[in-house]
Amino acid sequence: MSDISVAMEPKRPVVKRSADDRMLGVMAAFAVTWGLLCLIMFALSLMADPETMAKQYTAEQLAYVIATPAWVMFAKAMTAIGVLCGAVYLLLRKQSAYTWFMIALFGTLLTMLDSILRHGYETMGGMMSGVNIGMVIVCIFLFWASHSAFQEGQLSPE
């Protein structure tokens, strides 16, 4: 009886994935992880109270963090949401991943501009420099990779 039921089931086509397609999946998984990390860090920065921050920063650093303009917070939100949305669209193999990664890159560059204008690198030290440079590198890479994937036909237009 089981031989008959196995013979009657339709055979599923075997889909072979190329190495490029698998790498795009790995990159999308990395981007989702990175996006979630960015969103968590942004949310934690919004929820931090001055007493807790006073334990971690010097008085000058605390004044710098508290005086962060609203447009910079918006730019940080653009980065976090842009990376996460771009990553999800990359996972879904959609062209709009490119647009979301462009938004994230723009937000990161605005954040760096603020750090330069308010002398944040001198105030906060090397950690801020490393984080900002790392964000720019990752955003440029994801922006470039999503654009390349679309040019190669791996991403579908909406």
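Higher on the page you've got the structure.
Here's a quick rundown of the structure. (Residues numbered from 1 in each chain as written. Predicted model: local features only at pLDDT ≥ 70, side-chain atom pairs only at ≥ 80, totals over all residues. Heavy atoms only, no water.)

1. Here's the deal with the overall build of the protein
And step 1. For the protein, the count of helices and strands is eight helices and zero strands.
And step 2. In sequence order, the secondary structure elements of the protein are arranged as α-α-α-α-α-α-α-α.
And step 3. Out of the 158 residues belonging to the protein, those deemed buried represent 35%.
And step 4. Taken as a whole, the protein presents about 10,100 Å² of accessible surface, with 71% of it coming from carbon and sulfur. (Helix = DSSP H or I, 4+ residues; strand = E, 2+ residues; numbered from the N terminus. Buried < 20%, exposed > 50% of the residue type's maximum accessible area, 1.4 Å probe, protein only. Areas by Shrake-Rupley, 256 points an atom, 1.4 Å probe, with all protein chains shown as cover.)

2. Some points on helix α2 (residues 19-47)
And step 1. The end-to-end C-alpha separation of α2 is 42 Å, in line with the 42 Å expected for 29 residues at 1.5 Å each.
And step 2. Three or more residues of α2 are buried, namely Asp21, Leu24, Gly25, Met27, Ala28, Ala31, Val32, Gly35, Cys38 and Phe42.
And step 3. Looking at the buried residues of α2, the elements they touch are α5 (70-91), α6 (96-117) and α8 (126-151). (Expected span 1.5 Å × (residues − 1). Contact = heavy atoms within 4.5 Å.)

3. Some remarks on a nonpolar patch on the surface
And step 1. On the surface, a nonpolar cluster with roughly 720 Å² of combined accessible area is contributed by Leu36, Leu37, Ile40, Met41, Leu44, Leu46 and Met47.
And step 2. Along the chain, leucine 37 turns up in helix α2.
And step 3. Given the relative accessible area of 47%, leucine 37 is considered partly exposed. (Patch = residues over 30% accessible without salt bridge, like charges linked within 9 Å, V, L, I, M, F, W, Y side chains within 5 Å. Salt bridge = Lys/Arg side-chain N within 4 Å of Asp/Glu carboxyl O.)

4. Overview of unusual backbone geometry
And step 1. Even without glycine at this site, arginine 93 takes up a positive phi of about 60°.
And step 2. Within the secondary structure, arginine 93 sits in the loop between α5 and α6.
And step 3. Phi at histidine 119 takes a positive value of approximately 60°, unusual for a residue other than glycine.
And step 4. Tracing the backbone shows histidine 119 in the loop between α6 and α7 (120-124).

5. Brief notes about the packing of aromatic side chains
And step 1. A complete count under the given rule lists three aromatic pairs for this structure.
And step 2. With a centroid separation of 6.0 Å and an interplanar angle of 35°, the aromatic rings of phenylalanine 30 and tryptophan 34 are classed as tilted. One end of the pair, phenylalanine 30, and the other, tryptophan 34, are both in helix α2, four residues apart, so they sit about a helical turn from each other.
And step 3. Given a relative accessible area of 37%, phenylalanine 30 falls into the partly exposed group.
And step 4. When the ring centre of tyrosine 64 is taken as reference, the NZ or CZ atom of arginine 118 above it lies at 4.0 Å. (Phe/Tyr/Trp six-rings, centres within 6.5 Å; stacked < 30°, edge-to-face > 60°. Lys NZ or Arg CZ within 6 Å of the ring centre and 35° of its normal.)

6. Description of the pattern of salt bridges
And step 1. Per the counting criterion, the structure on display carries one salt bridge.
And step 2. A salt bridge links arginine 118 to aspartate 114; the nearest nitrogen and oxygen atoms lie 2.8 Å apart.
And step 3. Judged by its relative accessible area of 22%, arginine 118 is partly exposed.

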